[in-house]
Amino acid sequence: MSDPPLLDVRALATVLRTEDGPVPVVDGVSLSIRRGETLAVVGESGCGKSMLALSLLRLVDPPLAIAGGEVRLDGDDLLALPEARMRSVRGRRIAMVFQEPMTALNPVLTVGEQVDEVIVRHEKASRREARRRTVALFEEVGIPDPARRVDEYPHQLSGGLRQRVVLAIALACGPSLLIADEPTTALDVTIQAQVLDLLRRLQAEREMAVLLITHDLGVVAEVAHRVAVMYAGRIVEEAPVRTLFEAPAHPYTRALFRSMPSVERGRGRLEAIRGTVPAPADWPPGCRFHPRCGEARPECATDVPPLRPWAERAETRVACFARDAADAEAPR
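Analysis parameters
Residues numbered from 1 in each chain as written. Predicted model: local features only at pLDDT ≥ 70, side-chain atom pairs only at ≥ 80, totals over all residues. Heavy atoms only, no water. Helix = DSSP H or I, 4+ residues; strand = E, 2+ residues; numbered from the N terminus. Buried < 20%, exposed > 50% of the residue type's maximum accessible area, 1.4 Å probe, protein only. Contact = heavy atoms within 4.5 Å. Core = buried A, V, L, I, M, F, W, Y, C linked by side-chain atoms within 4.5 Å. Salt bridge = Lys/Arg side-chain N within 4 Å of Asp/Glu carboxyl O. Expected span 1.5 Å × (residues − 1). Polar contact = N/O pair within 3.5 Å; in protein donor to acceptor, adjacent residues only side chain to side chain. Pairing = 2+ DSSP bridges. Axes fitted to C-alpha atoms, helices over the stretch in contact; angles between N-to-C directions. Disulfide = S-S within 2.5 Å. Phe/Tyr/Trp six-rings, centres within 6.5 Å; stacked < 30°, edge-to-face > 60°.

## Comments concerning the environment of Val-118
So, step 1. Following the sequence through the fold, Val-118 ends up in helix α4 (residues 111-123).
So, step 2. For Val-118, a relative accessible area of 11% gives the class buried.
So, step 3. Counting along the chain gives 45 residues from Val-118 to Gln-163, while the straight-line C-alpha distance between them is 16 Å.
So, step 4. Other than its neighbours up to four places away in sequence, Val-118 contacts Glu-123, Ile-169, Ala-172 and Cys-173.

## Some words on the nonpolar core
So, step 1. In this structure, Phe-138, Val-141, Leu-167, Leu-178, Val-229, Tyr-231 and Tyr-252 are the most contacted members of the largest nonpolar core, which totals 62 residues.
So, step 2. The element contributing the most residues to this core is helix α7 (residues 159-171), with 7 residues.
So, step 3. Apart from the residues lying within four places of it in its own chain, the contact partners of Leu-178 are Ala-95, Val-97, Leu-167, Ala-170, Leu-199, Met-208, Ala-209, Val-210 and Leu-211.
So, step 4. Judged by nonpolar contacts, the second largest core, of 33 residues, contains Leu-12, Val-25, Leu-81 and Ile-235.

## Digging into the pattern of salt bridges
So, step 1. All chains considered together, the criterion is met by 29 salt bridges.
So, step 2. Note that Asp-197 and Arg-200 form a salt bridge whose closest N and O atoms lie 2.2 Å from each other. Of this pair, Asp-197 and Arg-200 are both found in helix α8 (residues 189-206), 3 residues apart, which corresponds to roughly one turn of the helix.
So, step 3. Among the residues examined, Arg-200 registers a relative accessible area of 26% and is labelled partly exposed.
So, step 4. The salt bridge involving Arg-308 is made with Asp-324; its shortest N-O contact spans 2.5 Å. Residue Arg-308 is found in strand β11 (residues 308-309), and its partner Asp-324 is found in helix α12 (residues 321-329); the two are separated by 16 residues along the sequence.
So, step 5. Connected via shared salt-bridge partners are Glu-37, Arg-226, Glu-238 and Arg-317.

## Let's talk about the environment of Leu-39
So, step 1. Summarising the element assignment, Leu-39 is placed in strand β3 (residues 38-42).
So, step 2. Residues Leu-39 and Lys-49, spaced 10 residues apart in sequence, show a C-alpha to C-alpha distance of 12 Å.
So, step 3. Excluding residues that lie within four positions of it along the chain, Leu-39 makes contacts with Leu-31, Ser-32, Ile-33, Val-210, Leu-211, Leu-212, Arg-226, Val-227 and Ala-228.

## What about helix α1 (residues 49-56)?
So, step 1. For α1, a buried count of 6 out of 8 residues is recorded, marking the element as mostly surrounded by other parts of the structure.
So, step 2. If you check which residues of α1 are buried, you get Lys-49, Met-51, Leu-52, Ala-53, Ser-55 and Leu-56.
So, step 3. One or two positions beyond α1, positive phi appears at Arg-58, with a value near 55 degrees.

## Focus on α8
So, step 1. Here α8 is 18 residues long and its end C-alpha atoms lie 26 Å apart, about the 26 Å a rise of 1.5 Å per residue gives.
So, step 2. Those residues of α8 hidden inside the fold are in contact with β3, α5 (127-140), α7, β7 (177-181), β8 (209-214) and α9 (217-223).
So, step 3. Between a side-chain oxygen at the N-terminus of α8 and the backbone nitrogen of Thr-190 the separation is 3.2 Å; the capping residue is Asp-188.
So, step 4. Positive phi shows up at Glu-207, right after α8, with a value of about 55 degrees.

## Side note on the sheet that holds strand β2 (residues 21-33)
What links the strands of a sheet is backbone hydrogen bonding, and the strands pair in either a parallel or an antiparallel sense.
So, step 1. Strand order in the open sheet formed by 4 strands is β2-β1-β4-β5, with antiparallel pairing between adjacent strands. Edge positions in the sheet fall to β2 and β5 (76-77), since each of these pairs with one other strand and no more.
So, step 2. Running at roughly 110 degrees to strand β1 (residues 7-18), α1 makes contact with β1, β2 and β4 (64-73) of the sheet.

## Structural notes on unusual backbone geometry
So, step 1. Here the residue pair Pro-62 and Pro-63 is connected by a cis peptide bond, since its omega of 10 degrees sits within 30 degrees of zero.
So, step 2. Position of Pro-63 among the secondary structure elements: in the loop between α1 and β4.
So, step 3. One non-glycine residue, Glu-182, lies in positive phi territory at about 45 degrees.
So, step 4. Structurally, the position occupied by Glu-182 is in the loop between β7 and α8.
So, step 5. Here Glu-182 falls in the buried class, since its relative accessible area comes to 8%.

## Brief notes about the state of the cysteines
So, step 1. Taken as a whole and judged by the stated rule, the model has 0 disulfides.
So, step 2. Cys-300 forms no disulfide, and the closest cysteine sulfur to it belongs to Cys-287, at a distance of 5.8 Å.
So, step 3. On the basis of relative accessible area, Cys-300 is assigned to the buried category, the value being 6%.

## What about the packing of aromatic side chains?
So, step 1. Evaluation of the coordinates by the stated rule reveals 4 aromatic pairs.
So, step 2. Look at Tyr-231 and Phe-289: their rings are 5.2 Å apart centre to centre, the planes differ by 80 degrees, and that puts the pair in the edge-to-face class. Here Tyr-231 is found in strand β9 (residues 226-231), whereas its partner Phe-289 is found in the loop between α11 (251-258) and β11, with 58 residues between them in sequence. Here Tyr-231 matches Phe-289 in class, with each residue buried.
So, step 3. Three or more aromatic residues joined by ring pairs make a cluster, and in this case those are Tyr-231, Tyr-252 and Phe-289.

Have a look at this one:
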């Protein structure tokens, strides 16, 4: 029997409360991550990826609210914990790396003070011990001359070094799960590669699980074990990373691949996905991708396709009536 997942999310729902009633933002999302595994959640901007991450940490404020579901970390339902206990979970058992390190860091405190504070608060360490551990963390994440850098302010560091500081803060208390929200978006290509290499090394050394939020399929190919494709608040496909790249199942996933450069395609014009991701208040009924989909069937406009195994590749789960129809019509 395999070990239970470290993180097990069931039917998570987050809504925006309006005068006209609740508007779903994260709508019935279920996923799981095992220890040492990286699950990437991909999709266009506006699909709900970052809101999913914030919902897992219960960091949504009114008029947003978590409306249902379960988020179990090592068996503990985080949605049922009192806020005081949830504060001890954040930073210690789950940590988050945000996509823009300059806004994640306090400009009036040195970077060392910001790491010290996490260690003192969660680990009840002395200031002297916290500083020793901060210098060691800076060295671990590859910040040169760490004993000097701890006394510098965020504006004195490059974007790559700031992202390493944010990573040091996230790792300060040895979390079992790291949520990384677009961790390389604000960095140039060379620094992106360095940060991804660092993330892989630290994950292997610490045996962390990683939930990677990204729109970049190149990053997914580099670091992920499994991929969940998100569109308009729902998971529409989930598969091992190699399977997803070899045989994407959902029309939205296929459109994402057609819109990215590839060696095989050469210098030809990239194919844009027609239309845009609708706002939550304007999400259509049925399959929410159907207005943009070239394979839509009549039932796509009225019924919600369930996420279920794809007959062609059982390790893939896909929510698509077109795939169901193709499976039914395939010769046996």
